[in-house]
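In case you want the letters, here they are:
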Amino acid sequence: MSKHEMKMYQSTEDYLEAILMIKQEKGHCRSVDIAKRLDFKKSSVSIAITKLTNEGYVIKEEDGMLELTQEGQRLANNILERHNFFYTWLRSLGVEKEQAYDDACRMEHAMCDDTFHKIVSYVREKNDGNS
């Protein structure tokens, strides 16, 4: 995967994760909510939502509410799981909250599923051994 493709995929993941998190917090999500959360222009979010809709990850309802498709939900859950794992792990190592959040955001995109699952297994195995 080229750097450009990786950046595009990371952007897709960031949008899907934001939609999931906003829906969990507020019960619904609109483009304006994403713009606020990600600190993006509304016009940029609108373009991205159109792209995500065309790719089959998001459904934009007539009232402007955004829903994740089954595939969008799967990807969003996956990336949120990664983020939560890395954030919790970094905090357990003593990394400050804001830095752990920022680093987890970068780490969640940086590796394939197999590597991620191996890290999770390793960390859990080490933690179980120290109990």
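Calculation criteria
- Once a new chain begins, its residue numbering starts again from 1 and follows that chain's sequence as written.
- It should be noted that, the model being predicted, local features are given only for residues of pLDDT at least 70 and side-chain atom pairs only at 80 or more, the latter also being counted only at that level, while totals for whole chains, interfaces and linings use all residues.
- Side-chain numbers here rest on the full set of heavy atoms in the structure, without hydrogens or water.
- Elements are defined by DSSP. Helices are runs of H or I of four residues or more, strands are runs of E of two residues or more, and each kind is numbered from the N terminus.
- Each residue is assigned to one of three classes by its accessible area relative to the maximum for its type, calculated with a 1.4 Å probe on protein chains only: buried under 20%, partly exposed between the two thresholds, exposed over 50%.
- Polar contacts, as counted here, are pairs of nitrogen or oxygen atoms within 3.5 Å of one another; within protein the pair requires one atom able to donate a hydrogen and one able to accept it, and residues that are adjacent in sequence qualify only if both atoms are side-chain atoms.
- Any two residues whose heavy atoms approach within 4.5 Å at even a single point are treated as in contact.
- As a per-residue quantity, pLDDT reports the predictor's confidence and falls between 0 and 100.
- Take the residue count of a helix, subtract one, and multiply by 1.5 Å to get its expected span.
- Note: the arc covers the axis-to-C-beta directions of the helix.
- Aromatic pairing here means that ring centres of Phe, Tyr or Trp (its six-membered ring) are within 6.5 Å. Orientation follows from the plane angle: under 30 degrees is stacked, over 60 is edge-to-face, and everything else is tilted.

K.L.:
Pulling in residues and values, what's your account of the overall build of the protein?
P.N.:
If you tally the helices and strands in the protein, you get six helices and two strands. The secondary structure elements of the protein, listed N-terminal to C-terminal, are α-α-α-β-β-α-α-α. In terms of overall dimensions, the protein has C-alpha extents of about 55 × 30 × 25 Å along its principal axes. Counting over 131 residues, the protein shows a buried share of 32%.

K.L.:
Lay out the environment of Asn54 with the relevant residues and their values.
P.N.:
With respect to the helices and strands, Asn54 occurs in helix α3 (residues 42-54). The class for Asn54 is exposed, based on a relative accessible area of 64%. Taking the C-alpha atoms as reference points, Asn54 and Asp113, separated by 59 residues in sequence, lie 25 Å from one another.

K.L.:
Now, about the side chain of His109: what can you tell me, with residues and values included?
P.N.:
For His109, the position within the fold is in the loop between α5 (97-107) and α6 (113-129). The class for His109 is buried, based on a relative accessible area of 11%. One polar contact links His109 to Glu13, side chain to side chain, over a distance of 2.3 Å. Leave out the neighbours within four places in its chain, and His109 touches Gln10, Glu13, Asp14 and Ile79.

K.L.:
Let's hear about the confidence of the model for the protein: which residues, and what values?
P.N.:
Confidence along the protein averages 90 in pLDDT terms, with 92% of residues attaining 70 or more. Across the protein, element-level confidence peaks in strand β2 (residues 66-68) with a mean pLDDT of 97 and bottoms out in helix α1 (residues 3-26) with 81.

K.L.:
I'd love a proper account of α3, names of residues and values included.
P.N.:
With 13 residues, α3 should cover 18 Å at 1.5 Å per step; its first-to-last C-alpha distance of 18 Å lies within 8% of that length. When we look at burial in α3, the residues that qualify are Val45, Ala48, Ile49 and Leu52. Here the buried residues of α3 occupy an arc of 105° about the axis, which is enough to place them on one side. Set apart from the buried face of α3 by more than 90 degrees, the exposed residues are Ile47 and Asn54. Positive backbone phi, approximately 85°, marks Gly56, located one or two places after α3.

K.L.:
So what about the packing of aromatic side chains? Which residues, and what values?
P.N.:
Tallying each qualifying case throughout the model produces six aromatic pairs. On the basis of an interplanar angle of 50° and a centroid distance of 5.9 Å, the ring pair of Tyr15 and Phe40 is categorised as tilted. Of this pair, Tyr15 sits in helix α1 while Phe40 sits in the loop between α2 (31-38) and α3, placing them 25 residues apart in sequence. Residue classification places Tyr15 among the buried positions, given a relative accessible area of 5%. For Phe40, a relative accessible area of 41% gives the class partly exposed. Judged by centre distance (5.3 Å) and plane angle (70°), the rings of Phe85 and Phe86 are edge-to-face. By the burial criterion, Phe85 is buried, and Phe86 matches it. Among the aromatic residues, those joined into a cluster by ring pairs are Phe85, Phe86, Trp89 and Phe116.

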